[in-house]
Amino acid sequence: MPAISFSLTEKAVIDPILTLRAPLPPLEPGQAASWTAKVWQGIQSELVARVVAVFTSVFAAADALIHLTTGMYKGTCLLAGTNYSKSIVYGHFRQAAWFTLLTIAGSIAGAIWPGVFKHCRYSPPPPSDNFPDAPPSVQGLAAAVQRGDQQAPFDQLKQLWRQSSLENKHWFVQVFNHDGAESFKAVRTELAGTVYRPVQHLRDRQVKWLSADEVDQRTTNAWRQASVCSRSFFYHATSECALESILKSKRIEVRHEKAFRGAFVSNQPETGFGSCILAFKRNIERLSSLEHGFQTSQNRYWAGFSRDIPVTDSTLAYIMLDGGTEAECRDMEARCQQWTGRAIKVVSLRDAEEHLESVQRLDIGIPSEWPSEDDRMCQKILNTLRARAAVATQQYEPRQRVRQQMMAMA
């Protein structure tokens with residue numbers, strides 16, 4: 001979670017090395033990279049990256065000391081009943097142990113094989129619905145709202161929100177999203193404009209903070225009757241080959257490009273990046289801060305998370321196939337079951353469009369702290385993502401033809 005992810009080693013060593021080793025940005029069709037660019041890329045990837053890796057142990061030792069000290073401090077505060085949870089304290093001690101190991105072997109391993117750092121980044125765990133893990137300050141105000149002895153303490157809630165870390169904001173939203181307490185509905189109504197903001201200006205309307213059940217009640221009945229989970233808000237399109245890798249690794253990894261980094265999702269399905277579209281629940285929105293965030297059209301927003309996005313039962317609602325038939329969806333379900341060992345619903349994007357449009361009309365918005373970057377960076381990121389998707393598709397097509405031929409022979 002955000003409160004335990006701080007890492008000098010990632011900022012000073014791991015991220016720079018992965019960026020140095022990133023491939024050259026795809027060029028326009030018919031263009032080839034110059035030999036000087038290729039040579040410089042090789043020097044960066046194999047020589048400069050190893051020089052940077054030599055300093056791993058120095059930063060890892062500093063991180064180990066920081067997390068150990070912070071864990072002891074927050075553990076003492078937790079015993080005193082202040083605003084920390086057990087998961088945060090344990091997280092700091094786990095990070096301290098990890099950086100201790102990295103201190104011992106980091107410089108040697110990194111100098112031999114810089115690519116090892118791809119496996120050394122912090123990845124957030126899936127979001128938890130275990131409310132006892134929420135900070136005492138959030139639990140205390142939630143209990144006061146539930147008792148209903150007086151008007152809900154909206155001023156205190158807004159002050160808590162302004163002072164909260166990303167971790168505590170995540171818990172704030174998780175707790176007050178709970179449908180079992182009718183009193184929480186008033187909090188969602190009053191604080192909607194504090195917690196969320198619209199992607200675009202809403203004429204004569206206001207952004208809404210809706211619980212999962214409230215979203216279900218306001219969307220198409222046919223979708224619910226079809227036994228499809230309707231609680232999806234963010235989407236990541238990819239190829240079938242990449243989907244297999246994502247499901248097996250249980251995460252969408254942060255991409256380290258030459259000009260940017262991030263794990264990207266959008267608030268509406270984008271069909272130009274692959275035929276397989278992962279539909280995520282809203283509980284991923286504050287698992288990490290955004291590395292990049294920008295609006296591309298009237299109501300489309302791209303979020304580039306600074307950490308990997310967990311892909312588990314708690315975060316993934318379903319998968320959509322662009323142009324997929326009923327038979328293709330069932331075939332994909334079988335393959336997802338084989339890759340993951342669990343059942344994942346697969347539907348056609350065509351069948352989901354009416355529901356997706358009804359969700360967009362709810363004016364749900366995006367987290368209030370998400371940024372709005374300029375058009376120049378927006379276009380640079382999208383061009384690179386599209387080019388990478390095109391290359392991945394070209395590499396996958398021969399494999400797809402072989403699989404289709406084998407199915408035909410069977």
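Residues numbered from 1 in each chain as written. Predicted model: local features only at pLDDT ≥ 70, side-chain atom pairs only at ≥ 80, totals over all residues. Heavy atoms only, no water.

What follows deals with empty space enclosed by the protein. Tallied over the entire structure, the rule returns 1 cavity of 30 Å³ or more. Of the voids in this model, the largest cavity is the one considered here, and its volume is about 30 Å³. Every residue along the wall of the largest cavity is listed here: Ile284, Leu287, Ser288, Phe305, Arg307, Asp308, Ile309 and Pro310. (1 Å grid on protein atoms, 1.4 Å probe; cavity = no way out; pocket = protein on both sides within 12 Å on 5 of 7 lines; lining within 4 Å. Points joined across faces, edges and corners; volume = space filled by probe spheres on them.)

This next bit is on the pattern of salt bridges. Under the criterion given, the structure shown has 24 salt bridges. A salt bridge links Arg251 to Glu253; the nearest nitrogen and oxygen atoms lie 3.5 Å apart. Arg251 sits in the partly exposed class, given a relative accessible area of 25%. The exposure class assigned to Glu253 is partly exposed, which follows from its relative accessible area of 26%. In this structure, the salt-bridge partner of Arg282 is Glu285, at a minimum N-O distance of 3.1 Å. Arg282 sits in the buried class, given a relative accessible area of 11%. (Salt bridge = Lys/Arg side-chain N within 4 Å of Asp/Glu carboxyl O. Buried < 20%, exposed > 50% of the residue type's maximum accessible area, 1.4 Å probe, protein only.)

Take the state of the cysteines next. Under the defined criterion, the tally for this structure stands at 0 disulfides. The structure places no disulfide on Cys336, whose sulfur is separated from the nearest cysteine sulfur, that of Cys276, by 7.8 Å. Classification of Cys336 as buried rests on a relative accessible area of 0%. (Disulfide = S-S within 2.5 Å.)

In terms of nonpolar packing, the biggest core is built from 37 residues, with Leu247 and Phe280 touching the most fellow members. Sorting the residues of this core by element identifies α12 (240–249), β5 (261–266), β6 (276–280), β8 (300–305), β10 (316–321) and α13 (326–340) as the ones contributing at least two each. Per element, the largest residue contribution to this core is 4 residues, and it comes from α13. Counting residues in each nonpolar core, the second largest holds 24 residues, with Phe154, Leu160, Val173 and Phe184 among its members. (Core = buried A, V, L, I, M, F, W, Y, C linked by side-chain atoms within 4.5 Å. Helix = DSSP H or I, 4+ residues; strand = E, 2+ residues; numbered from the N terminus.)

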